[in-house]
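Secondary and tertiary structure notes
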Amino acid sequence: MAALWEDFQAAMHVLVGSGPVKQRLLEAYRNHLAALRDQDLPVALHDRFATLKAAMHEAQPAGGLTAPETSVRKMSERDAAVHAASIFEMFVVLAAENESAPRLRIVSSDDDALTDDLFEVPAFLSRA
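Basis of the calculations
- Residues numbered from 1 in each chain as written.
- Predicted model: local features only at pLDDT ≥ 70, side-chain atom pairs only at ≥ 80, totals over all residues.
- Heavy atoms only, no water.
- Axes fitted to C-alpha atoms, helices over the stretch in contact; angles between N-to-C directions.
- Helix = DSSP H or I, 4+ residues; strand = E, 2+ residues; numbered from the N terminus.
- Parallel < 35°, antiparallel > 145°, perpendicular 65-115°, else oblique.
- Left-handed = near helix turned anticlockwise from the far one by under 90°.
- Contact = heavy atoms within 4.5 Å.
- Nonpolar A, V, L, I, M, F, W, Y, C, P; charged D, E, K, R; others polar.
- Salt bridge = Lys/Arg side-chain N within 4 Å of Asp/Glu carboxyl O.
- Buried < 20%, exposed > 50% of the residue type's maximum accessible area, 1.4 Å probe, protein only.
- Lys, Arg positive; Asp, Glu negative; His and termini not counted.

Concerning the packing of helix α3 (residues 46-56) against helix α5 (residues 77-97)
- At a closest axis distance of 10 Å, the pairing of α3 and α5 adopts a crossing angle of 150 degrees. Regarding the angle of α3 to α5, the classification is roughly antiparallel. Between α3 and α5 the crossing geometry is left-handed. Mapping the contact onto sequence places R48, F49, L52 and A55 in α3 and H83, S86, I87, E89, M90 and V93 in α5.
- Classifying every residue of the contact of α3 with α5 by side-chain character gives six nonpolar, two polar and two charged.

Thoughts on the pattern of salt bridges
- Overall, the coordinates contain three salt bridges when judged by the stated rule.
- Of the charged contacts, one joins E69 and R30 as a salt bridge, the two residues approaching to 2.8 Å between their closest N and O atoms. Of this pair, E69 sits in helix α4 (residues 67-74) while R30 sits in helix α2 (residues 21-33), and the two are 39 residues apart along the sequence.
- Judged by its relative accessible area of 40%, R30 is partly exposed.
- The salt bridge partner of E89 is R48, with a shortest N-O separation of 3.8 Å. Linking E89 in helix α5 with R48 in helix α3, this pair joins segments that are 41 residues apart in sequence.
- Overall, E89 belongs to the partly exposed group, its relative accessible area being 38%.

Thoughts on the side chain of R24
- Here R24 shows up in helix α2.
- Here R24 is buried and forms no salt bridge, its nearest opposite-charge partner E77 lying at an N-O distance of 6.8 Å.
- Leaving out residues up to four positions away in the same chain, R24 has contacts with V14, L15, G17, S18 and G19.

Take it as geometry only, folks, not as evidence of what the structure does.
This is how it looks when you write it as structure tokens:
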């Protein structure tokens, strides 16, 4: 599970980076997700991953390009964004199942009282 988590985490780093969505989708898939097999994934992700894999292999290799490269070139920007969002959704499912994934903490209003003493509002802001 840890290796799977790391693959999806690395793919997410690519997806949130700079560049066109098609380029980021192709890099994330090719470099981090293409080698994954159904048996590597939790059952909850099988359908989503199968859909992604089918979309990335929809076109035949052509002109020296691989099937994923050709498929992504033929996708609309919107379709590429939908597939990128699907990778994000799979990452969220894995994060929920992964014990070592970082957790967000909800800060209550009681904690806010502690920080008020630590940070005084500058005078010019308190007069506004």
